[in-house]
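Overview (structure and organization)
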Amino acid sequence: MRYLIVLFISLSLGACVDRTVTEIVPAAATIGTPTTVFASTTRAREADGSYGFRRGEKLQFLDTTVSIPPTHTPGTLKFSYANPNPKKEFVLANVTELDGPQGLHEHLRGQDDVTIFVHGYNSTQTETIFRAAQLSHDIGIPGSILVYSWPSRATGFGYAYDLDSMLFARDGLEQTIRELKSMGVKRVLLVAHSMGSALSMEMMRQTELQEPGWANRNIEGVVLISPDLDVDLFRSQMGRIKNPPDPFIVMVSQKDKILNISSRLRGTDEGERLGNISSIETLKEFPINVIDTTAFNSDAQSSHFVAATSPALLAILSSVRRVTNTFGPDEKTLDILVPPDERNPVGATEIVLTETGQAQVSTP
């Protein structure tokens, strides 16, 4: 067990650097490709203007510009915490604090599509903004992208703190979606990674208790990437969400090292979390689509984030996205990948993606 804890921390920490440092380089926007990433955050604002791990009393909104370097290749995310090089690295070119929800309204009012990215454990706000910009660029996500930045401790030793912060942040995520819908955004897509999936599920569960059907009415689709979530807990949450958003996608990999360690730290011999399940049998009654990305693990920089770090998988997702754009916003991405008549209309469908881009479909 001690070995597992040490390994878990070492995988999470990465290089021993001050990850709270964020340099803003306005000139970077003239060197790389400028990408706008909005943010809503429940992190407290520090005296120096940064947003760290402390929990804030109110939701804050930001407008940021990320410069994507001209040398960027899909699936990579290169950046520095000090002295960034905009020719080779992702760089923050601008951060503007908005005047509450009204400030966000002024930027997004009338927007048709907004994708919310919810980060996982051990993440800083800047890292999350960079990852969202990379995904948006590599896949070609339509409309605007907004990160929901909850107060992660951003350290390998902060797992317990992050669990509490994840629960603390539920109301802020709900408020963010309500603000977007109130300004007329037609389609809100929720994309969550790792522990952010647990946060998203808890948020949807609490809204369903208050307003049955809320999630389906307000969220166009849900994508949970490598969810660090107990399967029994997920079943309980889905039991409350009678009519979940469609599509509802869970992306898994059976070679996810982080989730295997996470499960063992909890004392479960099976070594499975929702994000690395080997069978969808226990989820068969839920109208969800489980996409198995295990085949792409070999070329991914991170086994815990294959969807963002596998060039081959990103190429497939980007291709599907372009087809969707061609046929218009009413054509859903999942319908292009796997036609509805091949999926289980009332229960779970497993979609195993191969390296050739083929989709092998099965139902329990």
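Values in this document were obtained by computation on a predicted structure and should not be read as measured data.

Relative to the elements of secondary structure, L59 occurs in strand β2 (residues 51-68). C-alpha separation for the pair L59 and P101, spaced 42 residues apart in sequence, amounts to 8.6 Å. L59 has contacts with S40, T41, T42, Y148, G172, Q175 and T176, leaving out every residue within four places of it along the chain.

Further remarks concern the pattern of salt bridges. One pass over the structure, following the stated rule, counts 12 salt bridges. Between R45 and E97 there is a salt bridge whose closest N-O contact spans 2.5 Å. Pair noted here: R45 is in strand β1 (residues 33-45) and E97 is in strand β3 (residues 91-97), with a separation of 52 residues, a long-range link. On the basis of relative accessible area, R45 is assigned to the partly exposed category, the value being 41%. Among the residues examined, E97 registers a relative accessible area of 38% and is labelled partly exposed. The partner of R273 in a salt bridge is D228, and the shortest N-O contact between them spans 2.8 Å.

An ideal rise of 1.5 Å per residue puts 21 Å on 15 residues; helix α3 (residues 125-139) measures up with 21 Å between its terminal C-alpha atoms. Among the 15 residues that make up α3, 14 are buried, leaving the element largely enclosed by the rest of the structure. In the stretch just after α3, G140 is the one whose phi turns positive, near 85°.

So, on to the confidence of the model for the chain. With 88% of its residues at a pLDDT of at least 70, the chain reaches an overall mean of 88. Low pLDDT, under 50, characterises residues 1-15; the predicted model gives this stretch 23 contacts beyond four residues in sequence or across chains.

Along the polypeptide, T349 turns up in strand β10 (residues 349-353). Its relative accessible area of 0% is what places T349 among the buried residues. If sequence neighbours within four positions are ignored, T349 has contacts with I280, I288, N289, V290, R343, N344, V361, S362 and T363.

Cut-offs applied
- Residues numbered from 1 in each chain as written.
- Predicted model: local features only at pLDDT ≥ 70, side-chain atom pairs only at ≥ 80, totals over all residues.
- Heavy atoms only, no water.
- Helix = DSSP H or I, 4+ residues; strand = E, 2+ residues; numbered from the N terminus.
- Contact = heavy atoms within 4.5 Å.
- Salt bridge = Lys/Arg side-chain N within 4 Å of Asp/Glu carboxyl O.
- Buried < 20%, exposed > 50% of the residue type's maximum accessible area, 1.4 Å probe, protein only.
- Expected span 1.5 Å × (residues − 1).
- pLDDT = per-residue confidence, 0-100.

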